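Secondary and tertiary structure notes
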Amino acid sequence: MKKIIESQISLFSSTSKVSVPIQICYTDDEVEITINYNGAEYCATGKDYLWVDAFADLQRKLPSDIRLACCMTCRHGNMCPYGTDKNQLFCTKDVQLTSKDDVIELIYYKGHASFFEREVSSIHCCDD
């Protein structure tokens, strides 16, 4: 069964940050992402369960001076090492990670907020 997410995604140019409509259509096997920017429609596809290849395809198709600004493209957006659902990332901007073991420790370490309280959408964009 095909599912659809309609929302907004942020794009960075050399001079500004803009929010544009995004539509993500997905099944268990594939995903199609469509955005409209500056009067043009950009469509990307992927077969990766976690959508990584579709976001990479979308970035490749955008003009070279435009960057996707979302948790999927952020260095602090991490997938769970034990398995992640579609559209599920975990923000780790307040901790330094150098390995998968650091992420695993973060899940269980009591001094940090619960790992699952860090859950964010792939298209979320914070002020940082």
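Placed above this text is the structure.
Below: a short report on this structure.

What counts as what
- Residues numbered from 1 in each chain as written.
- Predicted model: local features only at pLDDT ≥ 70, side-chain atom pairs only at ≥ 80, totals over all residues.
- Heavy atoms only, no water.
- Core = buried A, V, L, I, M, F, W, Y, C linked by side-chain atoms within 4.5 Å.
- Buried < 20%, exposed > 50% of the residue type's maximum accessible area, 1.4 Å probe, protein only.
- Helix = DSSP H or I, 4+ residues; strand = E, 2+ residues; numbered from the N terminus.
- Phe/Tyr/Trp six-rings, centres within 6.5 Å; stacked < 30°, edge-to-face > 60°.
- Pairing = 2+ DSSP bridges.
- Axes fitted to C-alpha atoms, helices over the stretch in contact; angles between N-to-C directions.
- Contact = heavy atoms within 4.5 Å.

**Section: the nonpolar core**
Formed by 27 residues in total, the largest nonpolar core has its most connected members in Ile9, Leu11, Ile24, Ile33, Ile35, Trp51 and Phe55. For this core, the secondary structure elements donating two or more residues are β1 (3-12), β2 (17-26), β3 (31-37), β4 (40-46), α1 (52-61) and β7 (89-91). Core analysis: the next-biggest nonpolar cluster, separate from the first, contains seven residues, Phe90, Val103, Leu106 and Ile107 among them.

**Here's the deal with the packing of aromatic side chains**
The full count for this structure, using the stated rule, is one aromatic pair. Judged by centre distance (5.1 Å) and plane angle (55°), the rings of Tyr26 and Trp51 are tilted. Taken together, the residues span a long stretch of sequence, with Tyr26 in strand β2 and Trp51 in the loop between β4 and α1 at a distance of 25 residues. Under the relative-accessibility criterion, Tyr26 is labelled buried at 15%.

**Regarding the sheet that holds β2**
Pairing within the open sheet is antiparallel, and its five strands lie in the order β4-β3-β2-β1-β5. A single partner strand is all that each edge strand has here, and the edge strands are β4 and β5 (67-69). Adjacent strand axes in the sheet meet at a mean angle of 35°, parallel and antiparallel pairs treated alike. Sheet topology places β1 next to β5; three bridges connect them, and they run antiparallel. Paired with Leu11 across the bridge in β5 is Leu68. Against the sheet, α1 engages β1, β2, β3, β4 and β5, with an angle of about 150° to β4.

Coordinates in, geometry out; function isn't part of it.
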